[in-house]
Amino acid sequence: MNYTLKNYDALLRVVRECDDYWADVGILDAIAFLEAFSDEEWIMLQDLLAERPRLWQRSCAETLSEVTNQTRSFDLLLRLMQEGVDEVTIAALDSINALACYGLDISGQATQLRSAIAKARSNAGAAVSRILDTLSRQL
């Protein structure tokens, strides 16, 4: 594992539920690591996704909407969405929504996204429903 990916992975491994440090500082550090990724590290990150715990996956999804390499981010978010864990799927959909708001064309995956949105709606509260509504309108 390369240096930058090791640091990103290590940072996400220490994230805890309701972690103020993560929300205020850690997420920015994680995004900086992603911005420095080589092509090889992006591929290696994709391989790590299924091996990592739910909170790591959710934290990863939260960082991917802020990276300039939107195509790589989108591909990873689609993969995270398939992990089948509700909170990971919702975090991935939220980040995909952000990427779409930034101008990324997500229409090529509309069927897959609509299916994930429908599944996420079954347990969605008001805030998540608004995110899902916004994403639905962008498809």
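Attention here is on the structure that accompanies the text. (Residues numbered from 1 in each chain as written. Predicted model: local features only at pLDDT ≥ 70, side-chain atom pairs only at ≥ 80, totals over all residues. Heavy atoms only, no water.)

**Focus on the side chain of T63**
Okay, step 1: Along the chain, T63 turns up in helix α4 (residues 54-64).
Okay, step 2: Here T63 falls in the buried class, since its relative accessible area comes to 0%.
Okay, step 3: Engagement of the side chain of T63 in a polar contact is seen with the backbone oxygen of C60, the distance being 2.7 Å.
Okay, step 4: Look past the residues within four positions of T63 in its chain and what remains in contact with it is Y8, W22, I27, A30, I31 and L34. (Helix = DSSP H or I, 4+ residues; strand = E, 2+ residues; numbered from the N terminus. Buried < 20%, exposed > 50% of the residue type's maximum accessible area, 1.4 Å probe, protein only. Polar contact = N/O pair within 3.5 Å; in protein donor to acceptor, adjacent residues only side chain to side chain. Contact = heavy atoms within 4.5 Å.)

**What about the packing of α4 against helix α6 (residues 86-101)?**
Okay, step 1: Look at α4 against α6: their axes get within 8 Å of each other, and the N-to-C directions meet at 5°. For the element pair α4 / α6, the angle class is roughly parallel. Contacts from R54, Q57, R58, A61, E62 and L64 of α4 reach α6 at E87, V88, A91, A92, S95 and L99. (Axes fitted to C-alpha atoms, helices over the stretch in contact; angles between N-to-C directions. Parallel < 35°, antiparallel > 145°, perpendicular 65-115°, else oblique.)

**Considering the packing of aromatic side chains**
Okay, step 1: Per the counting criterion, the structure on display carries three aromatic pairs.
Okay, step 2: With 5.7 Å between their ring centres and 80° between their planes, Y8 and F37 make a pair best called edge-to-face. On the criterion of sequence distance, the pair formed by Y8 in helix α1 (residues 3-13) and F37 in the loop between α2 (20-35) and α3 (39-48) is long-range, its members being 29 residues apart. For the pair Y8 and F37, one class covers both residues: buried.
Okay, step 3: Ring plane angle 70° and centroid distance 5.4 Å describe the contact between F37 and W42, whose orientation is recorded as edge-to-face.
Okay, step 4: When its relative accessible area of 9% is taken as the criterion, F37 is described as buried.
Okay, step 5: Three or more aromatic residues joined by ring pairs form one cluster here, namely Y8, F37, W42 and W56.
Okay, step 6: Over the ring of W56 we find R52; its NZ or CZ atom is 5.9 Å from the centre of that ring. (Phe/Tyr/Trp six-rings, centres within 6.5 Å; stacked < 30°, edge-to-face > 60°. Lys NZ or Arg CZ within 6 Å of the ring centre and 35° of its normal.)

**Considerations on the pattern of salt bridges**
Okay, step 1: Evaluation of the coordinates by the stated rule reveals 10 salt bridges.
Okay, step 2: The shortest N-O distance in the salt bridge between E87 and R58 comes to 2.9 Å. With E87 in helix α6 and R58 in helix α4, this pair connects stretches of sequence that are 29 residues apart.
Okay, step 3: R58 gets classed as buried once you look at its relative accessible area, which sits at 18%.
Okay, step 4: Here the salt bridges do not stand alone but share partners, grouping E17, R54, R58, E62 and E87 into one network. (Salt bridge = Lys/Arg side-chain N within 4 Å of Asp/Glu carboxyl O.)

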